[in-house]
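Structural description and commentary
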Amino acid sequence: MTIDHLDKRPFFEQLARIIAEQIKAGEYEPRQVLPSETQLQQAHGLARGTVRHAMRILGEQGWTVTVQGRGTYVNDREHWPAEP
């Protein structure tokens, strides 16, 4: 999945959705560290602030937990948002 520059949704929203889908699909397991902000910037061609916003959203939704100085990790499944 990639960022769609023609999509009307903000880039941070698209990135958060991409990462959430990767987590649901098992590409990232619970307690596994996610790529760094720099790696995500380079992989998706986005600004640092955009990546940070996406990561903040994922944390607020329960997908991830950030440990200062260590990185952002996939949260345990019981913290993930319920499927609609």
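Refer to the preceding data block for the structure.
What comes next concerns the included structure. Note that the structure is predicted; figures quoted are calculated from it, not measured. Within each chain, residue numbers correspond to sequence positions counted from 1 in written order. Only residues with pLDDT of 70 or above have their local features reported here, since the model is predicted, and side-chain atom pairs are shown and tallied only from 80 upward, although totals for entire chains, interfaces and linings are computed over all residues. Hydrogens and water are ignored here; the side-chain numbers use all heavy atoms of the structure.

1. Some thoughts on the nonpolar core
Under the convention used in this document: Throughout this description, the term nonpolar core refers to a set of buried Ala, Val, Leu, Ile, Met, Phe, Trp, Tyr and Cys residues connected via side-chain atoms within 4.5 Å. Burial classes: relative accessible area under 20% of the type maximum marks a residue as buried, over 50% as exposed, and values in between as partly exposed (1.4 Å probe, protein chains only). Only DSSP runs of H or I with at least four residues qualify as helices, and only runs of E with at least two residues qualify as strands; both kinds are numbered from the N terminus onward. In what follows, a contact means two residues having at least one pair of non-hydrogen atoms within 4.5 Å.
By size, the foremost hydrophobic cluster in this structure holds 19 residues, and its most contacted members are Leu15, Ile19, Ile23, Met55 and Leu58. Among the elements of the structure, helix H1 (11-24) and helix H3 (48-61) are those that each provide at least two residues to this core. Excluding its chain neighbours within four sequence positions, the residues that come into contact with Ile23 are Tyr28, Trp63, Thr64, Val74 and Trp80.

2. Concerning H3
Applied cut-off: A helix is expected to span 1.5 Å multiplied by its residue count minus one. Each direction from the helix axis to a C-beta atom contributes to the arc, which is the arc of those directions.
Along its 14 residues, H3 runs 20 Å from first to last C-alpha, staying within 8% of the 20 Å computed at 1.5 Å per residue. Within the span of H3, buried status applies to Thr50, Val51, Ala54, Met55, Ile57 and Leu58. The buried side chains of H3 occupy one side of the element, clustering within an arc of 155° when seen end-on. Buried residues in H3 make contact with H1, helix H2 (37-44), strand E1 (64-67) and strand E2 (71-74). With its phi angle positive at about 100°, Gly62 sits one or two positions after the end of H3.

In short, geometric facts, not functional conclusions.
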